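Below are the chains, spelled out letter by letter.
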Amino acid sequence: MLIVRNLSKSYGKKKVLENLTTSFDEKGISVIVGANGSGKTTFLNTITSLTKADQGEVKIGDLFLESLDFKKHIFYVPSDFFLPEYMTGSEYGSFIMKRYPNGDYEMFKFLFNTLGLSDINGKLIESYSFGMKKKISIAAGLSVQPKYLLADEPFSGLDFESTLLVQNIFEIFGKKRKLVVISHEPSTLTRFPNDIRLMREGALIPFTGSPNELTHIIEKEGPLHEKLDRVQKYFDPS
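So, a few notes on the structure that sits alongside this text. Note that this is a predicted model, so its numbers are computed, not measured.

### Side note on the overall build of the protein chain
And then number 1: Within the protein chain one finds 9 helices and 10 strands.
And then number 2: Computed over its C-alpha atoms, the radius of gyration of the protein chain comes to 19 Å, within 12% of the 18 Å expected for a compact globule of 238 residues.
And then number 3: By its C-alpha atoms, the protein chain is 60 × 45 × 35 Å across when sized along the principal axes.
And then number 4: Among the 238 residues that make up the protein chain, the fraction classed as buried is 46%.
And then number 5: Across the protein chain, contacts joining residues at least 24 apart in sequence account for 68% of those joining residues at least 6 apart.
And then number 6: Entry remark: accessible area of the protein chain is about 12,700 Å², with carbon and sulfur atoms responsible for 52%.

Given below as structure tokens:
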């Protein structure tokens, strides 16, 4: 089990995460949603060591965040890429697979080709489009077969067909391992409704309503609410 206890993170005077405590089982798909700036990305960055928490602990079983063994059981597909652009797609796949105990290069090649990247296998990653980089990140994350795959907006940059394909792959993957996904795609919320968590005021809150209800909640919170109010007054001052 992935356990997070009393996690806090502030930027200056702004508290982004405040004594956040939660946990994730070893199988299935959890979807995190929330208004812009609510702390979703900070949460994933913090539990993967990209951002240092002010306080709190993160562990998988008895393995703490700071240990190398912890890192072998978790893979992060961020919204911003940290890819070695001087490598080709096949070189990157080989490089990543060798650094995880369950890395499967044959699976990486299968997913790479299935996601429509076979024509660019020998090209440098610097030449890849945003969507291509997203696909290779997803292929790598799945192929190292971690206990926990974390993904921040994995469907952004993907066309409709690719989104459906990745959702299907995630569904299969989630039968044996765990995915924690940040996504506002209505199709994602509809497809994976069993564990939706709303990031609000520095905490993760279980959400059991419909995607439409969730949209209304987010519209009422934070900067979006203020912007919608200004738009309403501008176009309909009465």
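### As for the nonpolar core
And then number 1: Counting residues in hydrophobic clusters, the biggest one holds 43 residues, and the most contacted among them are Phe75, Tyr92, Ile96, Ile136, Leu142 and Phe170.
And then number 2: Considering every element that reaches this core, the biggest residue donor is helix 5 (residues 130–143), with 5 residues.
And then number 3: With 23 residues, the next largest nonpolar core counts Val16, Ile60, Leu65 and Ile74 among its residues.

### Focus on the pairing of strand 10 (residues 203–207)
And then number 1: Note: strand 9 (residues 196–200) against strand 10, 5 bridges, orientation antiparallel. Looking at the pairing, Leu198 lines up with Ile205 of strand 10.
And then number 2: From the end of strand 9 to the start of strand 10, which pair antiparallel, there are 2 residues, and Glu201 there has a positive phi angle of about 55°.

### Description of the layout of surface pockets
And then number 1: Taken as a whole, the largest pocket holds about 540 Å³ of empty space.
And then number 2: In terms of lining, the largest pocket is formed by 21 residues, of which the most central are Phe75, Tyr76, Tyr92, Ile96 and Tyr100.
And then number 3: Of all the secondary structure elements, the ones that give two or more residues to the lining of the largest pocket are helix 2 (68–72), strand 6 (74–77) and helix 3 (89–97).
And then number 4: Here the element with the most residues in the lining of the largest pocket is strand 6; it accounts for 4 residues.

### Here's the deal with the side chain of Thr22
And then number 1: If you trace the backbone, Thr22 turns up in strand 2 (residues 14–24).
And then number 2: Within the structure, the side chain of Thr22 is placed 2.6 Å from the side chain of Arg197, a separation counted as a polar contact.
And then number 3: Thr22 has contacts with Leu2, Ile3, Val4, Phe43, Arg197 and Leu204, leaving out every residue within four places of it along the chain.

### Here's the deal with the pairing of strand 7 (residues 148–152)
And then number 1: Of all 5 residues in strand 7, 5 are buried; the element is thus mostly enclosed.
And then number 2: Strand direction decides the pairing type here: strand 6 and strand 7, joined by 4 bridges, are parallel. Paired with Tyr76 across the two strands is Leu150, which belongs to strand 7.
And then number 3: As judged from the 5 bridges shared by strand 7 and strand 8 (residues 178–182), these two strands associate in the parallel manner. Paired with Leu149 across the two strands is Leu179, which belongs to strand 8.
And then number 4: In the classification by handedness, the crossover that spans strand 7, the intervening helix 6 (residues 160–173) and the parallel strand 8 is right-handed.

### Side note on the environment of Gly122
And then number 1: Secondary-structure assignment places Gly122 in the loop between helix 4 (105–114) and helix 5.
And then number 2: Along the chain, Gly122 and Met132 lie 10 residues apart, while their C-alpha atoms are 13 Å from each other.

### Overview of helix 1 (residues 40–47)
And then number 1: Most of helix 1 sits inside the fold, with 7 of its 8 residues counted as buried.
And then number 2: Those residues of helix 1 not exposed but buried are Lys40, Thr42, Phe43, Leu44, Asn45, Thr46 and Ile47.
And then number 3: At the exit of helix 1 stands Ser49, carrying a positive phi of roughly 75°.

### Some points on the sheet that holds strand 7
And then number 1: Pairing is mixed in the open sheet, where 6 strands are placed in the order 6-7-8-3-9-10. Lying at the two open borders of the sheet, with one neighbouring strand each, are strand 6 and strand 10. Taken pair by pair, the neighbouring strands of this sheet meet at an average axis angle of 20°, ignoring direction.
And then number 2: Bridge count between strand 3 (residues 28–33) and strand 9: 3 bridges; the pairing is parallel. Within the sheet, the bridge partner assigned to Val31 lies in strand 9 and is Ile196.
And then number 3: Sitting on the sheet, helix 5 touches strand 6 and strand 7, and the angle it makes with strand 6 is about 170°.
And then number 4: Lying over the sheet, helix 6 contacts strand 3, strand 7 and strand 8, oriented at roughly 145° with respect to strand 8.

About the criteria used
- Residues numbered from 1 in each chain as written.
- Predicted model: local features only at pLDDT ≥ 70, side-chain atom pairs only at ≥ 80, totals over all residues.
- Heavy atoms only, no water.
- Helix = DSSP H or I, 4+ residues; strand = E, 2+ residues; numbered from the N terminus.
- Rg over C-alpha atoms; globule rule 2.2 N^0.38 Å.
- Buried < 20%, exposed > 50% of the residue type's maximum accessible area, 1.4 Å probe, protein only.
- Contact = heavy atoms within 4.5 Å.
- Areas by Shrake-Rupley, 256 points an atom, 1.4 Å probe, with all protein chains shown as cover.
- Core = buried A, V, L, I, M, F, W, Y, C linked by side-chain atoms within 4.5 Å.
- Pairing = 2+ DSSP bridges.
- 1 Å grid on protein atoms, 1.4 Å probe; cavity = no way out; pocket = protein on both sides within 12 Å on 5 of 7 lines; lining within 4 Å.
- Points joined across faces, edges and corners; volume = space filled by probe spheres on them.
- Polar contact = N/O pair within 3.5 Å; in protein donor to acceptor, adjacent residues only side chain to side chain.
- Right-handed = clockwise from strand over helix to strand, strands pointing away.
- Axes fitted to C-alpha atoms, helices over the stretch in contact; angles between N-to-C directions.

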